[in-house]
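# Residue-level structural notes
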Amino acid sequence: MQPLQVTLFSDGRPGHEKQSLGIISALQAYVEVKVRKVEVPARSIFKELESHLSFLLNSRRLTDFPETPKADLIIGTGSRTHLPMLSAGRKSAARTVTCMTPASYLRAKFDLCCVPIHDQVNPAENIFFTVGPPTMSHRSQAHDHTRRLVLIGGRDDSSHKWDEGRIVSDLALLIERSENTSWLISSSPRTPASTEERVAQELAMLPQVSFVPFSETGPGWVEEMYRTHGTAWITADSISMVYEALTAGCRVGVIPVTWRRRNNKFQRSLDYLLDKKLIIMLPSYLQGKTDWLDQEPLNEADRCAREILRRWWPKNIP
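Everything quoted here is computed from the prediction, not taken from an experiment.

Our next topic: the overall build of the chain. When you go through the chain residue by residue, the secondary structure sums to twelve helices and 14 strands. Here the chain has a C-alpha radius of gyration of 21 Å; the compact-globule value for 318 residues is 20 Å, and the two agree. The principal-axis extent of the C-alpha atoms belonging to the chain is close to 60 × 45 × 35 Å. Relative to its 318 residues, the chain shows a buried fraction of 51%.

So this is what it looks like as structure tokens:
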């Protein structure tokens, strides 16, 4: 087979791009892949609405996007990428694959949607259910269980209330309960500066604790930390990092946040993982429930890649 020509549509959000790159990386284990990337710029609400209406009405005049490279496969994550992907797919024979749930009126137009179970989407021929999003993580054999990683999310007023005092006090309790253990704490792009300051002043001064703010990390840094740290504690709002750590084979603990709506997709996702005994919540851990259930690490990127090949290029599956 000739190299698989893949066009990656990116909305510029690292978390979204990681999902697409995770699948592309998994495909490379089975077939030679050549990747081109198309950046999708933000547009006004009016332009977005105009383009969606024109696309649904099959109007070429309003839905023309910049020309994209000829491809066998078009892949992307994030609602901003969906219409450009479909528009490019309409002009070619390329298969279109998205790594998240599209709007209901666009869903059937994709060749494949890799959809997390917690999105509660109705089954369909083009829906492939995953346990969380695909990630760039890989199973590690180098875990050191005396080394523990903490990843702090941050403010997102649409989903939860950010209480940095509670987060810092929870972490202080957690660290206090641990002996002969080193802790590495890091933040995220959403972490308020005041939270970083409190972590630096109240936690990083402890002899067994190091703090590396997100601004001092680079591409691939967190994946390397998953590889070497046996346990990862992650705030509940950073659900993608929970799945990254599970994919790397870490034991995963979750630090609660206060949701604005109890029945949201983040909590549904955590409930699923709790039911499967894949994670432990901090309150339970502090009450003495410290027995993680040893299971095979997740590998949803590989599952998605194999599904893509099974549907359209099955000769490449061993």
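Moving on: the sheet that holds strand S5 (residues 112-116). Spatial ordering of the open sheet is given by S2-S1-S3-S4-S5-S6, a layout of six strands whose pairing is parallel. Each having just a single partner strand, strand S2 (33-39) and strand S6 (127-130) make up the two edges of the open sheet. Recorded for the sheet is a direction-independent mean angle of 20° between the axes of neighbouring strands. As paired strands, strand S3 (residues 73-76) and strand S4 (residues 95-98) are joined by four bridges and run parallel to one another. Residue pairing across strands places glycine 76 opposite threonine 98, the latter belonging to S4. Sheet strands in contact with helix H1 (residues 14-27) are strand S1 (4-10), S2, S3 and S5, and its direction is about 170° off that of S1.

Another point: a nonpolar patch on the surface. Residues Leu49, Leu53 and Leu57 make up a contiguous nonpolar surface patch of roughly 340 Å² in combined accessible area. In this fold, leucine 49 is placed in helix H2 (residues 45-56).

Turning to the sheet that holds strand S9 (residues 182-186), a few remarks are in order. The six strands lie next to each other as S10-S9-S7-S11-S12-S14, forming an open sheet whose pairing is parallel. With partners counted over all chains shown, the strands left at the sheet margins are strand S10 (209-212) and strand S14 (279-281), one partner each. The average angle at which neighbouring strand axes cross in this sheet is 25°, direction not considered. Relative to S9, strand S7 (residues 144-151) is paired through five bridges, and the arrangement is parallel. Its bridge partner lying in S9, leucine 151 is registered against serine 186.

Applying the stated criterion across every chain, the model contains three aromatic pairs. Centre to centre, the rings of tryptophan 233 and tyrosine 285 are 4.9 Å apart; their planes meet at 70°, and the pair counts as edge-to-face. Placement of tryptophan 233 in strand S11 (residues 229-235) and of tyrosine 285 in helix H11 (residues 282-286) is noted, with a sequence separation of 52 residues between them. Looking at tryptophan 233, the relative accessible area reads 0%, which means it is buried. Looking at tyrosine 285, the relative accessible area reads 11%, which means it is buried. Where tryptophan 259 meets phenylalanine 266, the ring centres are 5.6 Å apart and the plane angle is 5°; that geometry is what we call stacked. A single burial state applies to tryptophan 259 and to phenylalanine 266, both of which are buried. One Lys or Arg, lysine 265, reaches over the ring of phenylalanine 266 and ends 5.9 Å from the middle of that ring.

Here we take up the pairing of S3. By the alternation rule, side chains of S3 split into Leu73 and Ile75 and Ile74 and Gly76, which are all buried. Bridge count for S1 against S3 is four bridges, and the pairing is parallel. In the strand pairing of S3, threonine 7 is matched with isoleucine 74. Crossover connection from S3 via helix H4 (residues 79-90) to parallel S4: handedness right-handed.

Taken together, the buried positions of helix H10 (residues 265-275) are Phe266, Gln267, Ser269, Leu270 and Leu273. Seen from one end, H10 has its buried residues packed into an arc of 155°, which puts them on one side. Buried positions along H10 lie against helix H9 (239-248), strand S12 (251-255), strand S13 (258-259) and S14. Where H10 begins, the capping side chain belongs to asparagine 264, and its oxygen is found 2.9 Å from the backbone nitrogen of phenylalanine 266. Two residues or fewer after H10 comes lysine 277, characterised by a positive phi angle close to 60°.

A few words now on the pairing of S10. Burial of the side chains of S10 is restricted to one face: Val209 and Phe211 are buried, whereas none of Ser210 and Val212 on the reverse face is. Pairing geometry for S9 and S10, over four bridges, is parallel. By the bridge assignment, leucine 184 is partnered in S10 with serine 210. Chirality of the crossover, the property in question, places the unit of S9, helix H7 (residues 193-202) and S10 among those that are right-handed.

Okay, the state of the cysteines next. This structure, assessed with the given rule, holds zero disulfides. Looking at cysteine 99, it has no disulfide partner, and the nearest cysteine sulfur is the one in cysteine 114, 5.7 Å off. Judged by relative accessible area, cysteine 99 falls into the buried class, the value being 1%. With no disulfide of its own, cysteine 113 has cysteine 114 as its nearest cysteine by sulfur position, at a separation of 7.9 Å.

The rules behind each value
- Residues numbered from 1 in each chain as written.
- Predicted model: local features only at pLDDT ≥ 70, side-chain atom pairs only at ≥ 80, totals over all residues.
- Heavy atoms only, no water.
- Helix = DSSP H or I, 4+ residues; strand = E, 2+ residues; numbered from the N terminus.
- Rg over C-alpha atoms; globule rule 2.2 N^0.38 Å.
- Buried < 20%, exposed > 50% of the residue type's maximum accessible area, 1.4 Å probe, protein only.
- Pairing = 2+ DSSP bridges.
- Axes fitted to C-alpha atoms, helices over the stretch in contact; angles between N-to-C directions.
- Contact = heavy atoms within 4.5 Å.
- Patch = residues over 30% accessible without salt bridge, like charges linked within 9 Å, V, L, I, M, F, W, Y side chains within 5 Å.
- Areas by Shrake-Rupley, 256 points an atom, 1.4 Å probe, with all protein chains shown as cover.
- Salt bridge = Lys/Arg side-chain N within 4 Å of Asp/Glu carboxyl O.
- Phe/Tyr/Trp six-rings, centres within 6.5 Å; stacked < 30°, edge-to-face > 60°.
- Lys NZ or Arg CZ within 6 Å of the ring centre and 35° of its normal.
- Right-handed = clockwise from strand over helix to strand, strands pointing away.
- Arc of directions from axis to C-beta.
- Polar contact = N/O pair within 3.5 Å; in protein donor to acceptor, adjacent residues only side chain to side chain.
- Disulfide = S-S within 2.5 Å.

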